[in-house]
Amino acid sequence: MKKSKKKSPVSRPRLGLALGSGSARGWAHIGVIRSLEKQGIEPDIICGSSVGALVGAAYASGHLDLLEKWVENLKWADVLGYMVRSFVGKESIQSQKQLAAIFGEQIGTVLVEELPKIFGAVATDLNTGQEIWLRRGPLLNSLSPSIAYPGLLNPVYYEGRWLVDGALVNPIPVSLCRALGADIVIAVNLNGDLLGKNRYRPVDPEPPADPVKAEHELDLWERLTSTFRNNRSKETDPSPGNDDGETQYAPRIFEVVTGAINIMQDRITRSRMAGDPPDISLTPHLSQIGHLEFHRSEEAILEGKASVERMLPALEDLLRNIY
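Overview of the structure.

What counts as what
Residues numbered from 1 in each chain as written. Predicted model: local features only at pLDDT ≥ 70, side-chain atom pairs only at ≥ 80, totals over all residues. Heavy atoms only, no water. Helix = DSSP H or I, 4+ residues; strand = E, 2+ residues; numbered from the N terminus. Buried < 20%, exposed > 50% of the residue type's maximum accessible area, 1.4 Å probe, protein only. Contact = heavy atoms within 4.5 Å. Salt bridge = Lys/Arg side-chain N within 4 Å of Asp/Glu carboxyl O. Pairing = 2+ DSSP bridges. Phe/Tyr/Trp six-rings, centres within 6.5 Å; stacked < 30°, edge-to-face > 60°. Patch = residues over 30% accessible without salt bridge, like charges linked within 9 Å, V, L, I, M, F, W, Y side chains within 5 Å. Areas by Shrake-Rupley, 256 points an atom, 1.4 Å probe, with all protein chains shown as cover. 1 Å grid on protein atoms, 1.4 Å probe; cavity = no way out; pocket = protein on both sides within 12 Å on 5 of 7 lines; lining within 4 Å. Points joined across faces, edges and corners; volume = space filled by probe spheres on them. Nonpolar A, V, L, I, M, F, W, Y, C, P; charged D, E, K, R; others polar.

1. Points about the overall build of the protein
Stage number 1. Within the protein one finds twelve helices and eight strands.
Stage number 2. By the burial criterion, 51% of the 323 residues in the protein qualify as buried.
Stage number 3. A sequence separation of at least 24 residues applies to 77% of the contacts in the protein between residues at least 6 apart.

2. Brief notes about the environment of V308
Stage number 1. Turning to its location among the elements, V308 is positioned in helix α11 (residues 297-310).
Stage number 2. A residue is classified by how much of its surface remains accessible, and V308, at 0% relative accessible area, is buried.
Stage number 3. On a C-alpha basis, the gap between V308 and I33 in space is 8.9 Å, while along the polypeptide they are 275 residues apart.
Stage number 4. Every residue in contact with V308, bar those within four places of it in the chain, is listed here: V32, S35, L36, L282 and L315.

3. Focus: unusual backbone geometry
Stage number 1. You will see that S50, though not glycine, has its phi angle at about 60°, which is positive.
Stage number 2. Non-glycine residue E159 carries a positive phi angle of around 50°.
Stage number 3. Tracing the backbone shows E159 in the loop between β5 (156-158) and β6 (161-165).
Stage number 4. On the basis of relative accessibility, which here comes to 53%, the residue E159 falls in the exposed class.

4. A look at the pattern of salt bridges
Stage number 1. The tally for this structure, following the rule as stated, stands at 15 salt bridges.
Stage number 2. Across the pair E37 and R34 runs a salt bridge whose closest N-O atoms are separated by 3.5 Å. Of this pair, E37 and R34 both sit in helix α1 (residues 28-38), three residues apart, roughly one helical turn.
Stage number 3. Across the salt bridge formed by R161 and D125, the nearest N and O atoms sit 2.8 Å from each other.

5. Thoughts on the side chain of S142
Stage number 1. Mapping S142 onto the fold places it in helix α6 (residues 139-146).
Stage number 2. Residue S142 is classed as buried on the basis of its relative accessible area, which comes to 0%.
Stage number 3. Contacts of S142, omitting those with residues within four sequence positions, involve V112, A121, L134, R136 and Y158.

6. Section: the pairing of β6
Stage number 1. Taken together, the three bridges between strand β3 (residues 118-125) and β6 define a ladder with antiparallel strand orientation. Of the residues in β6, the one forming a bridge with D125 is L163.
Stage number 2. In the sheet, β5 pairs with β6 via three bridges, with the strands oriented antiparallel. From the neighbouring strand, Y158 faces β6, where its bridge partner is R161.
Stage number 3. The antiparallel hairpin formed by β5 and β6 contains two residues in its connecting segment, where E159 sits at a positive phi of about 50°.

7. Remarks on the packing of aromatic side chains
Stage number 1. Under the counting rule described, the total for this entry stands at three aromatic pairs.
Stage number 2. On the numbers, 6.3 Å between centres and 85° between planes, the contact of W27 with W70 is edge-to-face. In this pair, W27 is assigned in the loop between β1 (15-19) and α1 and W70 in helix α3 (residues 64-72), connecting sequence segments 43 residues apart.
Stage number 3. Among the aromatic residues, ring-to-ring pairing joins W27, W70 and F294 into one connected group.

8. Description of a nonpolar patch on the surface
Stage number 1. Residues L126, Y157 and W162 make up a contiguous nonpolar surface patch of roughly 370 Å² in combined accessible area.
Stage number 2. Position of L126 among the secondary structure elements: in the loop between β3 and β4 (131-134).
Stage number 3. For L126, a relative accessible area of 52% corresponds to the exposed category.

9. Brief notes about empty space enclosed by the protein
Stage number 1. This structure, assessed with the given rule, holds one cavity of 30 Å³ or more.
Stage number 2. Its volume calculated, the largest cavity comes out at about 320 Å³.
Stage number 3. In terms of lining, the largest cavity is formed by 20 residues, of which the most central are L54, M83, I93, L153 and F294.
Stage number 4. The set of elements that each furnish at least two residues to the lining of the largest cavity consists of α2 (51-60), α4 (76-87) and α5 (96-103).
Stage number 5. In terms of residue class, the lining of the largest cavity is built from 17 nonpolar, two polar and one charged.

10. Notes on the pairing of β4
Stage number 1. What you see with β4 is a clean split: I132 and L134 sit on the buried side and E131 and W133 on the side with no burial.
Stage number 2. Across four bridges, the pairing between β3 and β4 is antiparallel. The residue of β4 that forms the bridge with T124 is E131.
Stage number 3. Counted along the chain from β3 to the antiparallel partner β4, the turn is five residues long, and its residue G129 has a positive phi close to 80°.

Such coordinate-based values are descriptive only and should not be taken to indicate function.
And the structure:
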């Protein structure tokens, strides 16, 4: 992108970046930010929901390098350890101690109001379903509730409410970007190509002989839940009217759960973005990455960069009056 002399912050419109939810696909946000930086595009306002809040907080506070280094070294066994600790009621990944270990101890004293960039995160009130905007106070306190994935990470008690993942009510917080003063909003939708991609496979009743090789062949969700598999997912007859002769397999319980989450995320995202559309929507192609495959960061980051490159003509046209 050919860049002209940058206009002063006083005269130019303010640019917002809305980073969406998407579990393990969220590492694509790192690639998006890196590619925008390469093009000389620097948002003034960063808002995130769920994993988007995690990456957004790192970027807004100047700690994206630390987060990227951490995710690059993340193994599926590490993810399993975080999940197990959360299940048994011990410290989960979104605790202040764990987040400080990722971002650096100094971030524990950082206030949202003092960040070099305007930042906001979205969470959900577990009791009322109300959308909660987290825009002040200690950064880690604002971040922890937004990434509290129901059933996997602990809810967070915040100012008299039990809060969970912001993706339940606002997967891509364009509205929060606008409320914080953004004139132009770039949204990153991590769930745009998920529907219609399910491929149901027969159950493998035995654990893989080579766990390292199996790491990239099985979804982490399946590995975590392999103990609970049962005969309900055995091979079934082809469905009536199926003339292609292809054997059909009944979806397993956790495939059903994953598929249901994908449908809900897609429908909620479409509804929210129809009511408050962004000026540009970046959609990384990430359907091959499972919800809990956080160890596949390299693929996600590369696709995040690619999603920006695909939209360079539109970005150049839209942002002509800013840069």
